[in-house]
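Observations on the model geometry
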Number of protein chains: 2
Amino acid sequence: MTELESPTWLTAQEQTFWRAYLRGSRLLENELNSALDGFGVQLTEYELISMLSEAPGGRLRMSLLADAIVQSRSRVTHTAARLEARGWVRRESCLEDKRGVELVLTESGRQAIEDMAWAHVKSVRDALVDALTPEEFAALGHAMEKVREHLHPGHQEPASAQQADCDADGDRAVPDCAS
Amino acid sequence: MTELESPTWLTAQEQTFWRAYLRGSRLLENELNSALDGFGVQLTEYELISMLSEAPGGRLRMSLLADAIVQSRSRVTHTAARLEARGWVRRESCLEDKRGVELVLTESGRQAIEDMAWAHVKSVRDALVDALTPEEFAALGHAMEKVREHLHPGHQEPASAQQADCDADGDRAVPDCAS
DNA sequence: AGCCCCTAGTTGAATTGTAAACCATCGATG
DNA sequence: CATCGATGGTTTACAATTCAACTAGGGGCT
C-alpha cells in the first residue's frame, strides 16, 4: 500500500463487496445470455423487444428506447436493423417530428418474444431471484434503484401499457420481467 | 397477461427490482468505463491488470486469470495481446506445464495501473459506494456474493499477494478495489 | 426569411468480443 | 509406452460495439 494511501481507497470489506458485485454481475449476465442463445438473441436485443412490447401500440421512438434500455443511439440503430432483418420490428417515420423514427413491433416480433419470455424469466428466477431470500433480493433491488437514480436522476420507463391496462390485454405486453 | 400466467412470471415488485438492477448495472458500467477512458483502457482491461498486480510476482496463468475475472479464455488472449502491445504485460511460458502461459506484469504495467487506480477507485466510490448507505452497500455485496457463489460455486480469487504481505510491500499490489 | 445551434438518427470504419476449429501437452489407463 | 480424452491456449472468421463524422429537421432569434 505504500504511501499511496488516501481516503479514497476502498477498505478491505468494501473491496470484497465490490468484487462480489463485479464478478457476480458478469456471471449473471453470462447466464441470462445463455438462456437466450437457443433463440439466437442476446439479452440486449431481448431488452429492446421487450420494452417495445410494453409500450402502447408496441411502438417507441428510437431515442426513448435507447434511453430506456441504457444503450447508445448508435447501438440501438444497429440492433434495430438486425431485428428488422428478422422481421420482428419495423421502422416508421414519425409524424410530429420529421427527424424522428418510431420502432414498431410486428406481429411476428410479438410472437417471438412470447416464445422467448418463458425461458428468459426462468433464467432470471433461477440465476437471481430464487438464489436469494426475498429480503436479500429486495435489498439488491433497492440498492440498485438508488444507484440508478444517482447516475441518471429522473430516469423513467417510458409510459407503458403496463400501467393500467395491462390486464385489459389490448396490447399484450410480455408481462414478466422481460428485461 | 392473458393465460400465459404461470408461477414462473415475476411479480410486479420483483420486476421492478430486476429492472432496477438491469438498468442500474448498465449505468454503473458506463460510468466506470468513462472514468478510465482518459487512460485509453476499458474496465475489463483494468480488471485484468489489477488481478495481475495483486498476484505474487505479478504473474498469473492465463486460465486462472480468465476464471478470476470471468472472461472467456479467448477474450483474455486477445486482451492480453493488446496489453502486451502497450508493453504493460509480457507472456512467459510456464515451466511446470508446457501448455501453459503465464502473464507477467511489467514494470511499466505496474506504473500504469498505479496511475489509473486513483481515478478508478474514485469512480467506484462516487458512482456506487458513496451513493449508498454502508448498510445498503453491504446488502448489495452480500446478495451479489450469494449470486456469485450460486452461479460458480467455490469460485475464489487466485491466491494473492493481498493475503498477508500486502503491507509488507514486496509486490506492490494496487490495493484498492482495483476490480 | 436567414442564421445558428441543438436534437434525432444513421453511417461506416475501427475495435472489441464471440464461437468454433485447431495444435500441443497432460495424465490416466490398458 | 501407446493411446485417448481432457485441458491450456491460440487462431481465424465473424458478429457486435464504439466512435466520429454526417444528414436532416427543429426552433429560437434577429
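Residues numbered from 1 in each chain as written. Chains lettered and ligands numbered in written order. Predicted model: local features only at pLDDT ≥ 70, side-chain atom pairs only at ≥ 80, totals over all residues. Heavy atoms only, no water.

**Digging into the confidence of the model for chain A**
All names here are of chain A. For chain A, per-residue confidence averages 88 on the pLDDT scale, and residues scoring 70 or more make up 84% of the total. Across residues 1–6, where pLDDT falls below 50, the model places eight contacts with residues more than four positions away in sequence or in other chains. Taken together, the stretch residues 162–170 has pLDDT below 50 and engages in seven contacts with residues farther than four places along the chain or on a different chain. (pLDDT = per-residue confidence, 0-100. Contact = heavy atoms within 4.5 Å.)

**Comments concerning the protein's contact with DNA strand C**
For DNA strand C, the set of nearby residues contains 20 residues, the closest of which are Ser63(A), Thr77(A), Arg91(A), Arg99(A) and Arg75(B). Within 4 Å of the protein, the atoms of DNA strand C are drawn from sugar and phosphate moieties in a proportion of 72%. In this structure, Arg75(B) approaches DNA strand C through a side-chain N or O atom, which is 2.6 Å from a phosphate oxygen. Arg99(B) places a side-chain nitrogen or oxygen 3.3 Å from a base oxygen of DNA strand C. Put simply, the parts of the chain that give the surface near DNA strand C at least two residues each are α3 (62–68) and α4 (73–85) of chain A together with α4 (73–85) of chain B. Residues of the surface near DNA strand C, tallied by class, amount to two nonpolar, nine polar and nine charged. (Near = heavy atom within 4 Å. Polar contact = N/O pair within 3.5 Å; in protein donor to acceptor, adjacent residues only side chain to side chain. Helix = DSSP H or I, 4+ residues; strand = E, 2+ residues; numbered from the N terminus. Nonpolar A, V, L, I, M, F, W, Y, C, P; charged D, E, K, R; others polar.)

**Here we look at the protein's contact with DNA strand D**
Around DNA strand D there are 19 residues in total, and Arg75(A), Ser63(B), Thr77(B), Arg91(B) and Arg99(B) lie nearest to it. Here, DNA strand D places atoms within 4 Å of the protein, and 73% of those atoms are sugar or phosphate. Contributing elements (two or more residues each) for the surface near DNA strand D: α4 of chain A together with α3 (62–69) and α4 of chain B. Of the residues assigned to the surface near DNA strand D, the class counts are two nonpolar, nine polar and eight charged.

**Overview of the pattern of salt bridges**
Applying the stated criterion across every chain yields a total of 32 salt bridges over all chains. Here Glu84(A) ties to Arg91(A) by a salt bridge, and the two come within 3.0 Å at their closest N and O atoms. A salt bridge links Asp126(B) to Lys122(B); the shortest N-O distance between them is 2.6 Å. Here Asp126(B) and its partner Lys122(B) are both found in helix α5 (residues 107–127), four residues apart, which amounts to about one turn of the helix. By relative accessible area, which is 37% here, Asp126(B) ends up partly exposed. Taking the relative accessible area as the measure of exposure, Lys122(B) reaches 37% and is therefore partly exposed. The structure contains a network of salt bridges with shared partners spanning Arg23(A), Arg26(A), Glu29(B) and Glu47(B). (Salt bridge = Lys/Arg side-chain N within 4 Å of Asp/Glu carboxyl O. Buried < 20%, exposed > 50% of the residue type's maximum accessible area, 1.4 Å probe, protein only.)

**Some thoughts on the sheet that holds strand β3 (residues 101–105) of chain A**
Residues and elements named next belong to chain A. Reading across the sheet, the three strands line up as β1-β3-β2 and stay open at both edges, with antiparallel pairing between neighbours. The open sheet has two edge strands with one neighbour each: β1 (59–61) and β2 (89–93). Averaged over neighbouring strand pairs, the angle between their axes works out to 30 degrees when direction is ignored. Pairing geometry for β2 and β3, over five bridges, is antiparallel. Each residue of the ladder has a partner; that of Arg91, found in β3, is Leu103. Relative to β3, helix α2 (residues 43–54) is tilted by about 90 degrees, and along the sheet it contacts β1, β2 and β3. (Pairing = 2+ DSSP bridges. Axes fitted to C-alpha atoms, helices over the stretch in contact; angles between N-to-C directions.)

**Notes on the side chain of Ser123(B)**
Residues and elements named next belong to chain B. If you trace the backbone, Ser123 turns up in helix α5. We classify Ser123 as buried; its relative accessible area is 8%. Among the polar contacts made by the side chain of Ser123, one reaches the main-chain carbonyl oxygen of His120 at a distance of 2.7 Å.

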